[in-house]
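Listed below are the residues making up each chain.
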Amino acid sequence: MNRFDWVAVVGFGAIVATATVADLEAVVLSALLGGFVLSLALWRFSAGHVWEALGWLAWVASAVALGFGSDRPLVLAVFLASILFGLGLQLGGRLELLPDVWTAENETGE
């Protein structure tokens, strides 16, 4: 695990602890999670890890869906689908299973 992973784990832990202690509304929790995950996505984009960043952006959709409440089947389906899609993108990027289509080669082939 690198520094980024530790920031993500500690950040999620802090949000869960805050939500548990403060008994936050779903919309407030959604905004906290969405903002935090969006900052993680931007951090990964700036580091050049595009697949991982897209995975984190998929998790932003999960955070937004959480704000609509989990009592509706469509919202629950969007939540779970975006979690799984984001996880697939993140693991695919980390394990180098997805092709590097983001960097352009020079004409000399370097």
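Residues numbered from 1 in each chain as written. Predicted model: local features only at pLDDT ≥ 70, side-chain atom pairs only at ≥ 80, totals over all residues. Heavy atoms only, no water.

Draft legend 1. The UniProt feature "transmembrane region" (unreviewed entry) in the protein, seen in detail. When the UniProt feature table is mapped onto this chain, "transmembrane region" (unreviewed entry) is found at residues 6-38, 50-68 and 74-92. Secondary structure content for residues 6-38 is 91% helix and 0% strand, while the C-alpha to C-alpha distance between its ends is 16 Å. In this annotation, residues 50-68 is assigned 95% helix and 0% strand; the end-to-end C-alpha distance for the span is 28 Å. (UniProt positions renumbered as here; feature names shortened; annotations may be inferred. Helix = DSSP H or I, 4+ residues; strand = E, 2+ residues; numbered from the N terminus.)

Draft legend 2. A look at the side chain of Gln-90. In this structure, Gln-90 sits in helix α4 (residues 73-94). In this structure Gln-90 touches Trp-51, Glu-52, Gly-55, Trp-56 and Trp-59, once residues within four positions along its chain are discounted. (Contact = heavy atoms within 4.5 Å.)

Draft legend 3. Main features of the environment of Pro-73. Structurally, the position occupied by Pro-73 is in helix α4. For Pro-73, a relative accessible area of 67% corresponds to the exposed category. Sequence separation of Pro-73 and Val-50 is 23 residues, and the distance between their C-alpha atoms is 31 Å. (Buried < 20%, exposed > 50% of the residue type's maximum accessible area, 1.4 Å probe, protein only.)

Draft legend 4. How the structure looks around the pattern of salt bridges. On inspection of all chains with the given rule, the structure shows three salt bridges. Residues Arg-94 and Asp-5 are paired through a salt bridge, measuring 2.6 Å at the closest nitrogen-oxygen approach. On the criterion of sequence distance, the pair formed by Arg-94 in helix α4 and Asp-5 in helix α1 (residues 3-22) is long-range, its members being 89 residues apart. Across the pair Arg-44 and Glu-52 runs a salt bridge whose closest N-O atoms are separated by 3.3 Å. Both residues of the pair, Arg-44 and Glu-52, belong to the buried class. One connected set of salt bridges, linked through shared partners, spans Asp-5, Arg-44, Glu-52 and Arg-94. (Salt bridge = Lys/Arg side-chain N within 4 Å of Asp/Glu carboxyl O.)

Draft legend 5. Representation of the side chain of Glu-52 within the structure. Its location among the elements puts Glu-52 in helix α3 (residues 50-67). Exposure remark for Glu-52: the relative accessible area of 6% places this residue in the buried category. With sequence-adjacent residues up to four places away left out, Glu-52 is seen in contact with Arg-44, Leu-89, Gln-90, Gly-93 and Arg-94.

Draft legend 6. Broad picture of the nonpolar core. Grouped together as the largest cluster of nonpolar side chains are 14 residues, with contacts concentrated most on Ile-15, Leu-29, Leu-33, Val-37, Leu-40 and Trp-56. Residue assignment for this core shows that the elements contributing at least two residues are α1, α2 (26-46) and α3. Top element by residues in this core is α2. It accounts for six residues. In this view, Leu-29 contacts Ile-15, Ala-19 and Leu-66; residues no more than four positions away in its chain are not counted. (Core = buried A, V, L, I, M, F, W, Y, C linked by side-chain atoms within 4.5 Å.)

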